[in-house]
Every structure is written in C-alpha cells, then in structure tokens.
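Per-entry structural report
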Amino acid sequence: MGEQLPRVRVVDAYKDFGSVQALRGVSFEILAGEVVLVIGPSGSGKSTMLRAVNRLEPLTSGDIWIDEDHVTGPDTDIRKIREEVGMVFQSFNLFPHLTACRNIMLGPMTVKGTPKEQAEREARALLKRVGLSDKEHSYPGKLSGGQQQRVAIARALAMGPKVMLFDEPTSALDPEMIKEVLDVMLDLARDGMTMVVVSHEMGFAKAAADRVVFMDEGEIVEIGPPIQFFESPVQDRTKRFLEHIL
Amino acid sequence: MAEVNEKRSIGVSDGALIPDRAEKTLFSAWRISFFGALILLGALPLISPDPFWEIIKFIPDGILRTFQVTVLSIIFALIIGLFTGLGRISRSPVINRIATIYVEVVRGIPLLVQLFYIYFALGQFVRVPRLVAAVIAMSFCYGAYMGEIFRAGLQSIPKGQMEAALALGLSRGQAIRKVILPQTFRIILPPVGNEFIALLKDSSLVSILAVSDLLRRGREYASRTFEYFETYTIVALVYLVLTLFLSKLVAKMEERLTRQDRS
Ligand SMILES: Nc1ncnc2c1ncn2[C@@H]1O[C@H](COP(=O)(O)OP(=O)(O)OP(=O)(O)O)[C@@H](O)[C@H]1O
Ligand SMILES: [Mg+2]
C-alpha cells in the first residue's frame, strides 16, 4: 500500500476547558480498515479526543483530517464530514419519540434527502444486520439497553460512514447484554470498517483491535498491537494502568 | 424510563384543574362539578323560565366571542411562546437578551393593565378594533408565560439528543425541528394545557374593553333587568362547564401521548 493516505490524521491536538487541559498535544494516524481501541483512566481525555474527530468538541489548537477533508479547517462544512463519521454513545441517545426504524431513517431522509421507501428498506436491512428485525416498530423505551445500543449502531451505519467512533458503547449495559453489542461491533470490524473504540473490553481488543492506544492526562502514552501492548508494555504508566484494570 | 417521567413534571402551573388521573371513581370531583353545572343549566330554565330561559337565550353570542378570543389568543401565544423559548436558549446573546427582557417585562405588568395599555394608551396613536386589541394583549401576555414553559421544556431534553442529531449530520435547525421540539411538545403539554384554561378564564378581562364576551353579555343583560343573581349564576356555570371541559380534553390528550410511546 505504501503511500496510502491515513483515513484519520490527528496532528498536535490541544483542548482546554477553562483551566483544565483535556488534550495536550495528541497526534496519531489511523489507516482505512483499522480498528483502534483507546483506553486510559477517567478524565484522561478519551472522550474529548473522540468527539474532536467529528468536531462535536472543537479543538483549541491542532488539526484533524479525515482522508483529504480538513475537519478543523475554518471553512469546512462540518455537516458533510459528520455524514461520513458515525458516532455511538455510552448512553445510546436514541430519539425516544421515534420507533427503532424511524430512528434509523431520520439521518438519511433529513440529511441526504433519501426517499422514504428507500430509507425504510435500508433501515430494515440494518435492523436485520444487528439482529433486531422484530423490533422495527418498537420505541426505544421498550427496548433493553443492549437492543437500544444495537439500534444506535444501525442508526450510525445508515449514513454509510467511512469511520465509526464508539465512546464506551458497553459501559452503561448490564453484563449479560455486553456480548450482543460487541458481536455487532466485531462483525463490523471483520467487514473492514475503520473504527475508533473507547472501551476497556479486553476481549474485544484481542479479537478485533489492530492497535491499542493508552491515554493519560491528555496525552498518548503508548500505542501498540494488542498482544505486545498487553503482554509487554514499554511505559511504566501503561504497566501501572494495566495492573489496575486486568 | 423513570428519567423521562421525572422530566414531565416541570412545575409551572396552578394545576388544580387538571384532573388527577388516579381519580377514576363514578363520583369524582370533576364529574360532580361538570355534570352538576350542566344539570343546573338545564334545570333552572325549566323550573323558572322567566329569568333563566331569557338569560340563556341572550348569552350564546358572548360564548362565541369568548371562544374566539380564547382560541385566537392561544394560537398566537403558542407561536410567540415557541419563539420566545427558542430565543431564551439561543446561543446568540442579543436574541437571548431580547427574549429575556420580553418575558420579564410582560410578567411584571398585570394583564388588565396591559389590556388598558394596548387599547387605550396605544390607542391614542393607532386605533385598532377592540377584539384585535384584546387578542394582541392576551397573546402578548400569555406568549411570555408559554415562552417560559417552552424554555423549561427545551432545557429538559438531555444534551445527548442534540449531539446524536448533530453527529448524524443534521444542522442545528433540523435537530431542533426533528428531534428536540417533538419531545418538548410532549413534555410541556400539561403545563401548556393549564395555560389554556387560565387563558380561557382570563379572557373575561376583555369585557372591560367592551368586547361583548360571555361576561360582558351577562353584564348587559343584568344591568337592563337588574337580575344580577340569576344572570351571574348562569355566567359562572357556563364558565365552569367550559373550563372543566377543556381540562378534560387536555388530560385526555396527555394520556394518549403518554400511552403512545412510554414503556
Ligand atoms: N464540557 C466540559 N467542560 C469542562 N471540562 C470538561 C468538559 N468535558 C471534559 N472535561 C474535562 O476534560 C477532561 C477530559 O475529559 P474526558 O471526558 O475526555 O475524559 P475521559 O477519558 O473520556 O474520561 P471517562 O473515562 O471518565 O469518560 C476531564 O478532566 C474532564 O473533567
Ligand atoms: Mg469519556
């Protein structure tokens, strides 16, 4: 592949919240089709970093590119970029006034002007893909956490994204529902989706991640392939953190 | 979804007229009041047709006028309230300030004074028909109260809803229209319903501008015949039936929305 342009490129990203420095010079690149797991202690800037990629959180300084699109550029039409970047939240954030199917149809119909019939067809296919064909007409309030999160993934996929961002997608779930969500994510990863996943699910990391990123205090401390990362970390901070969570 | 249910009870209103949903017995307070008033309205003219039947023939024009003022004012107050609420949460400081000043000023002046002001004081410069002045004053006043209800409702929608919509590529405007407002309407229905009822009752104030609403018609009749007791009894009963009917309607709508999408 040689000179392949990275799918996501973050260069020297800084983010201040008042006196709190959430990001302090973060740089990394993610190739198309790569699955990257981000771990780190609470408050280390994982969510901030993820949310900077689709500019839900604008950076204080630094640059982000998705393919050749300059996310942080002042004249960039951020909505065009957000269409291509799917995001899945810890708290699902499904639209409670819409059925599962309508949740998925909203984006394509509103943003892309997809005709209703087509949007509905695609939504059904996506619901099938996440194993929820029978929940088409259910409102989010009637779905379990795991089901809601799978609908949320389908909703993001409906826009045909080239990158998917996951911010702790399973940490609000009861243990017995984690697997059904991780299975959907694994399926996506095998399908070649480019994914950035903030999660402490080591099983997922070992099964699907190409690289693991460890963040602490707004910086990237260490990056490596999962086996090397978990079995022989280089940095002391990484070792201490891994002892803590494993 | 306990969280949603908590959110629904944004306390803004005087609530007393919204029937308690637990109260489903045959002799609920609502039923006794509503049917009691209806029976009285039917029975009084039969018992003594002389004043009562005459009164009942005299006031329907007034009911129609009251209805007109109320419905028009509700529509305009809702529109003003929507934009005021959006203004109150706007990120533009100028818009925000304008909306806030409007709310503060209007809430600081009694409705009766506002009615006088728009019809008599401003009337020195622009003469508008009484009915128009009445509707303007009522809408202007209730728009501010509705604005506060809209604001509270909008702010009660979790931040994640806007973020999820933006992340899909929706503009802020699209997100507000498709995601935030539909949820807001459900939440604010009970307090808005209470405002409807309050507005219906307050519409009797417009009789002071000689708009011949229900109260004014009653007054005209009574001052001609000196049958004050009989006339105002009928007027009060008609208001009671109207407000109780409206409150039931609001409660039914609320019930339907609640049933539709809650677990
Ligand atoms: N909107 C905000 N306003 C102020 N401070 C914020 C805001 N968002 C994040 N922060 C701060 O920035 C730092 C990084 O937060 P961030 O949410 O990115 O951490 P995180 O690694 O995702 O943590 P967690 O594992 O708890 O989710 C924290 O100190 C946090 O308090
Ligand atoms: Mg976080």
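Residues numbered from 1 in each chain as written. Chains lettered and ligands numbered in written order. Predicted model: local features only at pLDDT ≥ 70, side-chain atom pairs only at ≥ 80, totals over all residues. Heavy atoms only, no water.

1. Some remarks on the overall build of chain B
- A count of helical and extended segments in chain B gives 11 helices and 0 strands.
- When the elements of chain B are put in sequence order from the N terminus, they spell out α-α-α-α-α-α-α-α-α-α-α.
- Going through the 263 residues of chain B one by one, you find that 49% of them count as buried.
- Counted over contacts in chain B with a minimum sequence separation of 6, partners at least 24 positions apart contribute 78%.
- Counting only carbon and sulfur atoms, one obtains 67% of the accessible surface of chain B, whose full area is about 13500 Å². (Helix = DSSP H or I, 4+ residues; strand = E, 2+ residues; numbered from the N terminus. Buried < 20%, exposed > 50% of the residue type's maximum accessible area, 1.4 Å probe, protein only. Contact = heavy atoms within 4.5 Å. Areas by Shrake-Rupley, 256 points an atom, 1.4 Å probe, with all protein chains shown as cover.)

2. Side note on the site of ligand 1
Residues and elements named next belong to chain A.
- In the region of ligand 1, the neighbouring residues are Phe17, Val20, Ala22, Pro41, Ser42, Gly43, Ser44, Gly45, Lys46, Ser47, Thr48 and Glu168.
- Interatomic distance of 2.7 Å between a side-chain N/O atom of Ser47 and an oxygen atom of ligand 1.
- Burial of ligand 1 by the surrounding chains reaches 60%, relative to a free accessible area of 630 Å².
- For the shell around ligand 1, the secondary-structure elements that each account for two or more residues are strand 2 (20–30) and helix 1 (46–53). (Near = heavy atom within 4 Å. Polar contact = N/O pair within 3.5 Å; in protein donor to acceptor, adjacent residues only side chain to side chain.)

3. Remarks on the interface of chain B and chain A
- Listed per partner, the contact involves 22 residues of chain B and 24 residues of chain A.
- In total, about 2100 Å² of surface goes out of reach between chain B and chain A, with carbon and sulfur atoms giving 63% of it.
- Remark: the boundary between chain B and chain A carries 1 salt bridge.
- As a salt-bridge pair, B:Glu163 and A:Arg51 come within 2.8 Å of each other at their nearest N and O atoms. (Buried area = accessible area lost by both parts, 1.4 Å probe. Salt bridge = Lys/Arg side-chain N within 4 Å of Asp/Glu carboxyl O.)

4. Here we look at a nonpolar patch on the surface
Residue and element names in this part refer to chain B.
- Together, Phe67, Val71, Leu72, Ile75, Phe76, Ile79 and Phe83 line one region of the surface with nonpolar side chains, adding up to about 660 Å² of accessible area.
- By secondary structure assignment, the location of Phe67 is in helix 4 (residues 60–88).
- Take Phe67: its relative accessible area is 54%, and that puts it in the exposed class. (Patch = residues over 30% accessible without salt bridge, like charges linked within 9 Å, V, L, I, M, F, W, Y side chains within 5 Å.)

5. Details of the sheet that holds strand 6 (residues 85–88) of chain A
Residue and element names in this part refer to chain A.
- The 6 strands lie next to each other as 6-7-8-3-9-10, forming an open sheet whose pairing is mixed. Two strands bound the open sheet, and with one partner strand each, they are strand 6 and strand 10 (219–224). Across this sheet, the average inter-strand angle for adjacent strands is 20°, counted without regard to direction. (Pairing = 2+ DSSP bridges. Axes fitted to C-alpha atoms, helices over the stretch in contact; angles between N-to-C directions.)

6. Digging into the packing of aromatic side chains
Residue and element names in this part refer to chain B.
- The final tally for this structure, using the stated rule, is 12 aromatic pairs over all chains.
- Relative to Phe34, the ring of Trp30 lies with its centre 4.6 Å away and its plane at 15°, an arrangement referred to as stacked. Highlighted residues: Trp30 and Phe34, both in helix 2 (residues 29–47), separated by 4 residues, approximately one helical turn.
- Judged by its relative accessible area of 12%, Trp30 is buried.
- Residue class for Phe34 comes out buried when judged on its relative accessible area of 10%.
- On the basis of an interplanar angle of 85° and a centroid distance of 6.1 Å, the ring pair of Phe150 and Phe185 is categorised as edge-to-face. One end of the pair, Phe150, is in helix 7 (residues 130–155); the other, Phe185, is in helix 9 (residues 172–202), and 35 residues separate them in sequence.
- Taking relative accessible area as the criterion, Phe150 reaches 2% and is therefore assigned buried.
- One aromatic cluster is present, formed by Trp30, Phe34 and Phe35 through successive ring pairs. (Phe/Tyr/Trp six-rings, centres within 6.5 Å; stacked < 30°, edge-to-face > 60°.)

7. Structural notes on the confidence of the model for chain B
Residue and element names in this part refer to chain B.
- For chain B, per-residue confidence averages 87 on the pLDDT scale, and 89% of positions sit at 70 or higher.
- In the model of chain B, helix 1 (residues 2–8) stands out as the element of lowest mean pLDDT, 39, in contrast to helix 8 (residues 159–168), which has the highest, 97.
- Here residues 1–9 is a poorly scored stretch, pLDDT under 50, and it has 12 contacts once near neighbours within four places are set aside; other chains count.
- When the criterion is pLDDT under 50, residues 11–16 qualifies, and its contacts beyond four places in sequence or with other chains add up to 5 contacts.
- Reported for the predicted complex are a pTM of 0.87 and an ipTM of 0.95. (pLDDT = per-residue confidence, 0-100.)

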